[in-house]
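# Results of the structural survey
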Amino acid sequence: QMQLAESGGGLAQTGGSLRLSCAASGDIYGNIATGWFRQAPGKEREIVAAIDYSGRSTFYSDSVKGRFTISRDDAKNMVYLQMDRLKLDDTAVYSCAASVRFSRVSTRMEQYDYWGQGTQVTVSS
């Protein structure tokens, strides 16, 4: 079993920045793809960014491309989401996810095996 714990959420102003962190613990082995998802009130959960096991391949949704950066530090079992130029529409609960079945960039929720509890990001004007 693997556990994921997000941190770094909070309140930011439009145009500001936040950095989310996802710490993995437990049974961590194999080539693990990771991703960040978000769910805004009244909306379905959506993919935000994803990264393959090597860190060399990434994916970003159109809504965050050019503003968010996903990265990983396997030595520390950490995945990060740097969020810059935040917009009101970025307000959501952000969750990290890990896949032990897929090593390449994965964009669908069903590809992921482990999920964190989520962290709230609120962007205000």
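These remarks concern the structure in this document. Just so it is clear, the model here is predicted, and its values are computed rather than measured.

## Quick notes on the layout of surface pockets
Considering only enclosed or pocket space, the largest pocket measures out at about 240 Å³ in volume. Residue lining of the largest pocket: 20 residues in total, with Ile28, Ile32, Arg72, Asp74 and Asn77 positioned closest to the centre. At the level of elements, β1 (2-7), β3 (18-26), β7 (68-73), β8 (78-83) and β9 (92-99) are the ones that each hand at least two residues to the lining of the largest pocket. Of the residues forming the lining of the largest pocket, the biggest block, three residues, is contributed by β9. Residues of the lining of the largest pocket, tallied by class, amount to 13 nonpolar, four polar and three charged.

## Digging into the sheet that holds β8
With respect to topology, four strands assemble into an open sheet ordered β1-β3-β8-β7, the strand pairing being antiparallel. Lying at the two open borders of the sheet, with one neighbouring strand each, are β1 and β7. Between one strand and the next, the sheet's axes are offset by a mean angle of 15 degrees, whatever the strand orientation. For β3 and β8, the ladder comprises six bridges, and the chain directions are antiparallel. Across the sheet, Cys22 pairs through a bridge with Val79, a residue of β8.

## Quick notes on the pairing of β9
Among the eight residues in β9, seven count as buried, and that is most of the element. In the sheet, strand β4 (residues 33-39) pairs with β9 via seven bridges, with the strands oriented antiparallel. Opposite Gly35, over in β9, you have Ala97 as the bridge partner. Here β9 pairs with strand β11 (residues 119-124) via three bridges, running antiparallel. The residue bridging Val93 from the neighbouring strand is Gln120, located in β11. In the sheet, β9 pairs with strand β10 (residues 114-115) via two bridges, with the strands oriented antiparallel.

Criteria and thresholds
- Residues numbered from 1 in each chain as written.
- Predicted model: local features only at pLDDT ≥ 70, side-chain atom pairs only at ≥ 80, totals over all residues.
- Heavy atoms only, no water.
- 1 Å grid on protein atoms, 1.4 Å probe; cavity = no way out; pocket = protein on both sides within 12 Å on 5 of 7 lines; lining within 4 Å.
- Points joined across faces, edges and corners; volume = space filled by probe spheres on them.
- Helix = DSSP H or I, 4+ residues; strand = E, 2+ residues; numbered from the N terminus.
- Nonpolar A, V, L, I, M, F, W, Y, C, P; charged D, E, K, R; others polar.
- Pairing = 2+ DSSP bridges.
- Axes fitted to C-alpha atoms, helices over the stretch in contact; angles between N-to-C directions.
- Buried < 20%, exposed > 50% of the residue type's maximum accessible area, 1.4 Å probe, protein only.

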